[in-house]
Amino acid sequence: MKNVAVIGAGTMGNGIAHTFAQSGYKVQLIDISQDSLDRGMATITKNLDRLLTKERITEAQKQETLSNITTFTNMSEGVEYAGLVVEAATENVDLKLKIFRDLDAATGEDTILATNTSSISITQIAAVTKRPEQVIGMHFMNPVPIMKLVEIIRGYNTSDAVTETIMDMSKNLGKVPVEVNDYPGFVANRILMPMINEAIETLYNGVAGVYEIDTVMKLGMAHPMGPLQLADFIGLDVCLSILEVMHDGFKNPKYAPCPLLVNMVRAGKLGVKSGEGFYDYSESRKAETIAKMFA
(Lines give C-alpha, C1' and ligand atoms only; values in the text may rest on other atoms or scores of the structure.)
Protein backbone atom coordinates (compact mmCIF):
# COMPACT_ATOMS: atom_id res chain seq x y z
CA MET A 1 0.00 0.00 0.00
CA LYS A 2 2.16 2.86 -1.29
CA ASN A 3 -0.55 5.26 -2.51
CA VAL A 4 -2.19 7.36 0.19
CA ALA A 5 -4.78 10.09 -0.36
CA VAL A 6 -5.20 12.87 2.21
CA ILE A 7 -8.42 14.91 2.27
CA GLY A 8 -7.84 18.48 3.41
CA ALA A 9 -4.72 20.64 3.02
CA GLY A 10 -5.01 22.57 6.29
CA THR A 11 -2.74 22.29 9.32
CA MET A 12 -3.37 18.61 9.98
CA GLY A 13 -3.81 17.55 6.35
CA ASN A 14 -0.57 19.05 5.07
CA GLY A 15 1.26 17.65 8.10
CA ILE A 16 -0.09 14.16 7.41
CA ALA A 17 0.78 14.45 3.71
CA HIS A 18 4.30 15.63 4.61
CA THR A 19 4.81 12.70 6.99
CA PHE A 20 3.68 10.03 4.52
CA ALA A 21 5.63 11.58 1.65
CA GLN A 22 8.82 11.82 3.69
CA SER A 23 8.43 8.12 4.51
CA GLY A 24 8.35 7.20 0.81
CA TYR A 25 4.62 7.00 0.15
CA LYS A 26 3.03 8.52 -2.95
CA VAL A 27 0.56 11.06 -1.61
CA GLN A 28 -2.46 12.58 -3.31
CA LEU A 29 -3.29 15.75 -1.35
CA ILE A 30 -6.90 16.80 -1.99
CA ASP A 31 -8.77 20.00 -1.19
CA ILE A 32 -11.67 21.79 -2.88
CA SER A 33 -9.65 25.02 -2.79
CA GLN A 34 -6.55 25.48 -4.95
CA ASP A 35 -5.49 28.31 -2.63
CA SER A 36 -5.59 25.89 0.31
CA LEU A 37 -3.49 23.40 -1.64
CA ASP A 38 -0.96 26.10 -2.48
CA ARG A 39 -0.75 27.18 1.15
CA GLY A 40 -0.44 23.57 2.25
CA MET A 41 2.43 22.89 -0.14
CA ALA A 42 4.12 26.14 0.94
CA THR A 43 3.90 24.99 4.56
CA ILE A 44 5.35 21.59 3.71
CA THR A 45 8.22 23.24 1.83
CA LYS A 46 8.88 25.63 4.73
CA ASN A 47 8.92 22.75 7.22
CA LEU A 48 11.28 20.74 5.02
CA ASP A 49 13.56 23.78 4.71
CA ARG A 50 13.65 23.98 8.51
CA LEU A 51 14.72 20.32 8.67
CA LEU A 52 17.31 20.99 5.98
CA THR A 53 18.77 23.91 7.93
CA LYS A 54 19.05 21.69 11.01
CA GLU A 55 20.78 19.03 8.83
CA ARG A 56 18.11 16.43 9.65
CA ILE A 57 17.48 15.84 5.94
CA THR A 58 19.44 16.43 2.74
CA GLU A 59 18.42 18.55 -0.26
CA ALA A 60 17.82 15.31 -2.18
CA GLN A 61 15.46 14.06 0.56
CA LYS A 62 13.59 17.36 0.52
CA GLN A 63 13.10 17.18 -3.24
CA GLU A 64 12.07 13.53 -3.09
CA THR A 65 9.47 14.31 -0.42
CA LEU A 66 7.98 17.12 -2.50
CA SER A 67 7.98 14.96 -5.64
CA ASN A 68 5.98 12.32 -3.76
CA ILE A 69 3.03 14.72 -3.35
CA THR A 70 0.49 15.43 -6.10
CA THR A 71 -2.37 17.87 -5.51
CA PHE A 72 -6.00 17.54 -6.63
CA THR A 73 -9.13 19.64 -6.34
CA ASN A 74 -11.29 16.74 -7.59
CA MET A 75 -11.71 14.10 -4.91
CA SER A 76 -12.70 11.25 -7.25
CA GLU A 77 -9.53 11.75 -9.29
CA GLY A 78 -7.36 12.07 -6.21
CA VAL A 79 -8.51 8.85 -4.52
CA GLU A 80 -8.62 6.69 -7.66
CA TYR A 81 -5.52 4.62 -6.88
CA ALA A 82 -5.35 5.05 -3.10
CA GLY A 83 -5.01 2.02 -0.86
CA LEU A 84 -5.63 4.28 2.14
CA VAL A 85 -7.52 7.56 2.41
CA VAL A 86 -6.97 9.76 5.46
CA GLU A 87 -9.66 12.42 5.92
CA ALA A 88 -8.43 15.56 7.69
CA ALA A 89 -11.22 18.01 6.96
CA THR A 90 -12.82 20.46 9.40
CA GLU A 91 -14.11 18.91 12.65
CA ASN A 92 -17.74 19.01 11.53
CA VAL A 93 -19.79 15.83 11.73
CA ASP A 94 -22.10 16.58 8.78
CA LEU A 95 -19.14 17.40 6.54
CA LYS A 96 -17.30 14.25 7.54
CA LEU A 97 -20.35 12.06 6.93
CA LYS A 98 -20.74 13.54 3.44
CA ILE A 99 -17.06 12.99 2.66
CA PHE A 100 -17.24 9.35 3.73
CA ARG A 101 -20.36 8.72 1.67
CA ASP A 102 -18.53 10.15 -1.33
CA LEU A 103 -15.34 8.20 -0.55
CA ASP A 104 -17.30 4.96 -0.26
CA ALA A 105 -18.61 5.49 -3.79
CA ALA A 106 -15.34 6.75 -5.29
CA THR A 107 -12.77 4.25 -3.95
CA GLY A 108 -12.07 0.59 -4.60
CA GLU A 109 -13.70 -1.96 -2.33
CA ASP A 110 -10.37 -2.82 -0.68
CA THR A 111 -9.46 0.78 0.18
CA ILE A 112 -9.16 1.57 3.89
CA LEU A 113 -10.90 4.78 4.94
CA ALA A 114 -9.40 6.59 7.93
CA THR A 115 -10.38 9.80 9.69
CA ASN A 116 -8.16 12.15 11.67
CA THR A 117 -11.13 13.26 13.78
CA SER A 118 -10.20 14.23 17.33
CA SER A 119 -13.57 13.39 18.89
CA ILE A 120 -16.32 12.31 16.47
CA SER A 121 -17.49 8.69 16.64
CA ILE A 122 -15.72 6.36 14.21
CA THR A 123 -18.74 4.05 14.37
CA GLN A 124 -21.05 6.88 13.32
CA ILE A 125 -18.78 7.78 10.40
CA ALA A 126 -18.43 4.14 9.35
CA ALA A 127 -22.21 3.64 9.39
CA VAL A 128 -22.67 5.83 6.29
CA THR A 129 -20.42 3.50 4.25
CA LYS A 130 -20.88 -0.02 2.94
CA ARG A 131 -17.53 -1.06 4.46
CA PRO A 132 -17.68 -0.27 8.20
CA GLU A 133 -15.07 -2.95 8.87
CA GLN A 134 -12.58 -0.89 6.80
CA VAL A 135 -13.17 2.44 8.55
CA ILE A 136 -10.77 3.47 11.33
CA GLY A 137 -9.52 6.52 13.21
CA MET A 138 -5.96 7.81 12.80
CA HIS A 139 -5.74 10.74 15.21
CA PHE A 140 -2.39 12.41 14.56
CA MET A 141 -1.05 15.04 16.95
CA ASN A 142 -0.09 18.58 15.90
CA PRO A 143 2.54 19.29 14.57
CA VAL A 144 2.25 15.99 12.71
CA PRO A 145 5.83 15.68 11.37
CA ILE A 146 7.24 16.05 14.90
CA MET A 147 4.76 14.45 17.32
CA LYS A 148 5.20 10.70 17.71
CA LEU A 149 1.75 9.66 18.93
CA VAL A 150 -1.04 8.40 16.70
CA GLU A 151 -4.28 7.33 18.37
CA ILE A 152 -5.64 4.39 16.38
CA ILE A 153 -9.38 4.26 17.07
CA ARG A 154 -11.38 1.13 16.33
CA GLY A 155 -15.01 1.63 15.42
CA TYR A 156 -17.54 -0.95 16.58
CA ASN A 157 -17.09 -2.91 13.32
CA THR A 158 -13.44 -2.18 12.45
CA SER A 159 -11.73 -5.47 11.60
CA ASP A 160 -8.63 -6.87 13.28
CA ALA A 161 -6.86 -6.99 9.90
CA VAL A 162 -7.47 -3.30 9.17
CA THR A 163 -6.38 -2.33 12.69
CA GLU A 164 -3.17 -4.34 12.35
CA THR A 165 -2.45 -2.82 8.92
CA ILE A 166 -2.85 0.75 10.22
CA MET A 167 -0.82 0.03 13.35
CA ASP A 168 2.03 -1.32 11.20
CA MET A 169 1.79 1.57 8.74
CA SER A 170 1.98 4.09 11.59
CA LYS A 171 5.16 2.41 12.82
CA ASN A 172 6.58 2.68 9.29
CA LEU A 173 6.03 6.44 9.57
CA GLY A 174 8.22 6.50 12.67
CA LYS A 175 5.19 7.02 14.89
CA VAL A 176 4.06 5.29 18.07
CA PRO A 177 0.51 4.02 17.48
CA VAL A 178 -1.76 3.40 20.47
CA GLU A 179 -4.97 1.43 19.97
CA VAL A 180 -8.06 2.80 21.72
CA ASN A 181 -11.79 2.18 21.56
CA ASP A 182 -14.48 4.44 20.14
CA TYR A 183 -15.88 6.69 22.86
CA PRO A 184 -16.28 10.49 22.75
CA GLY A 185 -12.88 12.20 22.92
CA PHE A 186 -11.09 8.83 22.74
CA VAL A 187 -8.17 9.04 25.25
CA ALA A 188 -6.18 12.17 24.39
CA ASN A 189 -9.01 14.67 24.31
CA ARG A 190 -11.11 12.96 26.96
CA ILE A 191 -8.32 13.80 29.40
CA LEU A 192 -6.90 16.97 27.81
CA MET A 193 -10.06 18.96 27.09
CA PRO A 194 -11.52 18.85 30.63
CA MET A 195 -8.13 20.11 31.86
CA ILE A 196 -8.17 23.00 29.37
CA ASN A 197 -11.82 23.72 30.20
CA GLU A 198 -10.99 23.76 33.93
CA ALA A 199 -8.13 26.18 33.29
CA ILE A 200 -10.57 28.47 31.48
CA GLU A 201 -13.06 28.11 34.38
CA THR A 202 -10.24 29.03 36.80
CA LEU A 203 -9.60 32.20 34.80
CA TYR A 204 -13.37 32.87 34.45
CA ASN A 205 -13.84 32.58 38.22
CA GLY A 206 -11.02 35.03 38.93
CA VAL A 207 -8.83 32.55 40.79
CA ALA A 208 -5.74 33.63 38.84
CA GLY A 209 -4.68 35.28 35.61
CA VAL A 210 -3.56 33.80 32.29
CA TYR A 211 0.16 34.02 33.06
CA GLU A 212 -0.29 32.61 36.56
CA ILE A 213 -2.40 29.63 35.46
CA ASP A 214 -0.03 28.67 32.67
CA THR A 215 3.05 29.15 34.86
CA VAL A 216 1.66 26.87 37.58
CA MET A 217 1.07 24.09 35.05
CA LYS A 218 4.41 24.54 33.27
CA LEU A 219 6.63 24.77 36.35
CA GLY A 220 4.54 22.70 38.76
CA MET A 221 3.40 19.90 36.44
CA ALA A 222 6.26 19.96 33.89
CA HIS A 223 3.91 20.70 30.98
CA PRO A 224 5.79 22.11 27.96
CA MET A 225 3.13 24.81 27.59
CA GLY A 226 0.31 25.97 29.83
CA PRO A 227 -3.30 24.89 29.16
CA LEU A 228 -4.42 28.35 28.00
CA GLN A 229 -1.48 28.67 25.61
CA LEU A 230 -2.21 25.15 24.37
CA ALA A 231 -5.87 26.02 23.82
CA ASP A 232 -4.78 28.98 21.69
CA PHE A 233 -2.46 26.69 19.72
CA ILE A 234 -5.17 24.07 19.12
CA GLY A 235 -7.81 26.71 18.32
CA LEU A 236 -10.52 27.70 20.76
CA ASP A 237 -13.17 26.77 18.20
CA VAL A 238 -11.72 23.26 18.00
CA CYS A 239 -11.63 22.98 21.80
CA LEU A 240 -15.27 24.07 21.97
CA SER A 241 -16.30 21.59 19.28
CA ILE A 242 -14.61 18.68 21.06
CA LEU A 243 -16.15 19.59 24.41
CA GLU A 244 -19.59 19.81 22.79
CA VAL A 245 -19.15 16.34 21.26
CA MET A 246 -18.15 14.94 24.66
CA HIS A 247 -20.94 16.76 26.50
CA ASP A 248 -23.49 15.46 24.00
CA GLY A 249 -22.02 11.95 23.95
CA PHE A 250 -21.73 11.40 27.71
CA LYS A 251 -24.59 13.67 28.86
CA ASN A 252 -22.34 14.57 31.79
CA PRO A 253 -22.20 18.21 32.98
CA LYS A 254 -18.49 17.96 33.74
CA TYR A 255 -17.85 18.23 29.98
CA ALA A 256 -19.97 21.39 29.55
CA PRO A 257 -17.82 24.13 27.97
CA CYS A 258 -17.05 27.16 30.10
CA PRO A 259 -19.18 30.23 29.17
CA LEU A 260 -15.97 32.23 28.68
CA LEU A 261 -14.81 29.77 26.01
CA VAL A 262 -18.20 29.94 24.27
CA ASN A 263 -18.18 33.73 24.22
CA MET A 264 -14.59 33.94 22.97
CA VAL A 265 -15.42 31.67 20.05
CA ARG A 266 -18.55 33.68 19.26
CA ALA A 267 -16.41 36.83 19.27
CA GLY A 268 -13.90 35.31 16.86
CA LYS A 269 -11.09 35.13 19.43
CA LEU A 270 -9.86 31.71 18.36
CA GLY A 271 -6.22 31.79 19.41
CA VAL A 272 -3.14 31.76 17.17
CA LYS A 273 -5.08 31.41 13.91
CA SER A 274 -7.17 34.54 14.54
CA GLY A 275 -4.34 36.55 16.09
CA GLU A 276 -5.84 36.64 19.57
CA GLY A 277 -7.09 34.28 22.23
CA PHE A 278 -5.79 34.23 25.77
CA TYR A 279 -2.63 35.75 24.31
CA ASP A 280 -2.08 38.42 21.65
CA TYR A 281 -0.33 37.11 18.53
CA SER A 282 -0.33 40.33 16.49
CA GLU A 283 3.44 40.74 16.89
CA SER A 284 4.56 37.13 17.33
CA ARG A 285 3.12 33.62 17.14
CA LYS A 286 4.75 32.94 20.50
CA ALA A 287 2.59 33.36 23.60
CA GLU A 288 4.51 36.34 24.98
CA THR A 289 1.82 39.01 25.39
CA ILE A 290 -1.39 38.51 27.37
CA ALA A 291 -4.51 39.55 25.42
CA LYS A 292 -5.79 42.98 26.50
CA MET A 293 -9.01 41.46 27.82
CA PHE A 294 -7.03 39.50 30.42
CA ALA A 295 -4.08 41.85 31.02
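Please read these numbers as outputs of a predicted model, since none were measured by experiment.

Here is what the cut-offs are and how they apply
- Residues numbered from 1 in each chain as written.
- Predicted model: local features only at pLDDT ≥ 70, side-chain atom pairs only at ≥ 80, totals over all residues.
- Heavy atoms only, no water.
- Axes fitted to C-alpha atoms, helices over the stretch in contact; angles between N-to-C directions.
- Helix = DSSP H or I, 4+ residues; strand = E, 2+ residues; numbered from the N terminus.
- Parallel < 35°, antiparallel > 145°, perpendicular 65-115°, else oblique.
- Contact = heavy atoms within 4.5 Å.
- Nonpolar A, V, L, I, M, F, W, Y, C, P; charged D, E, K, R; others polar.
- Salt bridge = Lys/Arg side-chain N within 4 Å of Asp/Glu carboxyl O.
- Buried < 20%, exposed > 50% of the residue type's maximum accessible area, 1.4 Å probe, protein only.
- Core = buried A, V, L, I, M, F, W, Y, C linked by side-chain atoms within 4.5 Å.
- Expected span 1.5 Å × (residues − 1).
- Arc of directions from axis to C-beta.

It is at 7 Å that the axes of helix α9 (residues 210–221) and helix α10 (residues 227–234) come closest, and there the two elements cross at 100°. If you check the angle between α9 and α10, you find them roughly perpendicular. The segment α9 lies against α10, with Val210, Ile213, Asp214, Met217 and Lys218 engaging Pro227, Leu228 and Gln229. Broken down by class, the residue content of the contact of α9 with α10 amounts to five nonpolar, one polar and two charged.

A full pass over the atoms with the stated rule returns 10 salt bridges. Put simply, lysine 98 and aspartate 102 hold a salt bridge, and the shortest N to O gap is 2.9 Å. Pair noted here: lysine 98 and aspartate 102 are both in helix α5 (residues 93–106), with a separation of four residues, about one helical turn. Aspartate 102 gets classed as partly exposed once you look at its relative accessible area, which sits at 32%.

With omega at 0°, the peptide bond leading from asparagine 142 into proline 143 counts as cis. As for its placement among the helices and strands, proline 143 is situated in the loop between β6 (135–140) and β7 (149–154). One non-glycine residue with positive phi stands out, namely glutamate 55, at about 60°. Residue placement: glutamate 55 occurs in the loop between α2 (34–53) and α3 (59–67). Despite not being glycine, alanine 222 has its phi angle at roughly 60°, a positive value.

What follows deals with the nonpolar core. Grouped together as the largest cluster of nonpolar side chains are 35 residues, with contacts concentrated most on Phe20, Leu84, Met138 and Phe140. With near-sequence residues (within four places) excluded, phenylalanine 20 lies in contact with Val4, Tyr25, Val27, Leu84, Val86, Met138, Phe140, Met169 and Leu173.

For α2, which comprises 20 residues, the first-to-last C-alpha distance of 28 Å matches the rise-based estimate of 28 Å (1.5 Å per residue) to within 8%. Taken together, the buried positions of α2 are occupied by Ser36, Leu37, Gly40, Met41, Ile44, Leu48 and Leu51. For α2, the angular spread of the buried residues around the axis is 135°, confining them to a single face. More than 90 degrees from the buried face of α2, the exposed residues found are Asp35, Arg39, Lys46 and Thr53.

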